[in-house]
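# Structural overview for review
Next come the chains, spelled out residue by residue.
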Amino acid sequence: MFVCICKGVREKQIRREVQRGATTFEELQMSLDVGICCGQCEETAKALIDETLDQERALDAMTHCQYQQA
Ligand code: FES
């Protein structure tokens, strides 16, 4: 699914950037050019950042628990 039509940025590209360490919309603007034209995608991109960060934290917590149980 395209998040940023102006720059052709897809959801999976944003998720990948967050998984590689991006935590802010500004970082995504620099790496993917998302949101640098009309700005209509900003809210969606920010929500995607938050959602992906939450998923990453949950995965980290699960992994941490598995190591403690082993
Ligand atoms: S839709 Fe992303 S800048 Fe226009």
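Look a little higher up for the structure.
Residues numbered from 1 in each chain as written. Predicted model: local features only at pLDDT ≥ 70, side-chain atom pairs only at ≥ 80, totals over all residues.

### Structural notes on the overall build of the chain
For the record, the criterion: Only DSSP runs of H or I with at least four residues qualify as helices, and only runs of E with at least two residues qualify as strands; both kinds are numbered from the N terminus onward. Atoms considered for the radius of gyration are the C-alpha atoms alone. The globule rule reads 2.2 Å times the number of residues to the power 0.38.
Across its full length, the chain holds 3 helices and 2 strands. Computed over C-alpha atoms, the radius of gyration of the chain comes to 14 Å, more than 25% over the 11 Å expected from 2.2 N^0.38 for 70 residues, which places it beyond the range of a compact globule. Viewed in the frame of its principal axes, the chain has a C-alpha envelope of about 50 × 20 × 15 Å.

### Looking at the nonpolar core
Defined as follows: As used throughout, a nonpolar core is a set of buried Ala, Val, Leu, Ile, Met, Phe, Trp, Tyr and Cys residues joined through C-beta atoms within 7 Å of each other. With C-beta atoms placed from the backbone, the exposure class of a residue follows from how many other C-beta atoms lie within 10 Å of its own: 20 or more, buried; 12 or fewer, exposed; in between, partly exposed. Contact between residues is assigned whenever the C-beta positions, reconstructed from backbone atoms, fall within 7 Å.
Among the nonpolar cores identified, the biggest contains 13 residues, and V3, C4, V9, I14, L28, V34 and A45 are the most heavily contacted of them. Elements with a contribution of two residues or more to this core: β1 (2-4), α1 (11-19), α2 (25-32) and α3 (42-69). Every residue in contact with C4, bar those within four places of it in the chain, is listed here: V9, V34, G35, C41 and A45.

### Comments concerning the packing of α1 against α2
The test is simple: An axis is simply a line fitted to the C-alpha atoms; with a helix, the fit covers only the stretch in contact. Between two such axes, the angle follows the N-to-C directions and lies from 0 to 180 degrees. Note that the term roughly parallel is reserved for angles under 35 degrees, roughly antiparallel for angles over 145, roughly perpendicular for angles of 65 to 115, and oblique for everything else. Handedness of each helix crossing follows the sense of rotation of the near helix against the far helix: counterclockwise by less than a right angle gives left-handed, clockwise gives right-handed.
Two elements in contact, α1 and α2, have axes whose closest approach is 11 Å; the angle formed by their N-to-C orientations is 115 degrees. One finds that α1 runs roughly perpendicular with respect to α2. Relative to α2, the crossing made by α1 is right-handed. Here α1 contributes Q13, I14 and E17 to the contact with α2, which in turn contributes L28, S31 and L32.

### Considerations on α1
Counted only if it meets this: As used here, the arc belongs to the directions running from the helix axis to the C-beta atoms.
Those residues of α1 that sit buried are I14, E17 and V18. Buried residues along α1 cover an arc of 100 degrees about the axis, so they all sit on one side. Count one or two residues on from α1 and you reach G21, which has phi positive near 125 degrees.

### Regarding the environment of G21
Secondary-structure assignment places G21 in the loop between α1 and α2. Residue classification places G21 among the exposed residues on the basis of 8 C-beta atoms within 10 Å. For the pair G21 and L53, spaced 32 residues apart in sequence, the C-alpha separation works out to 9.4 Å.

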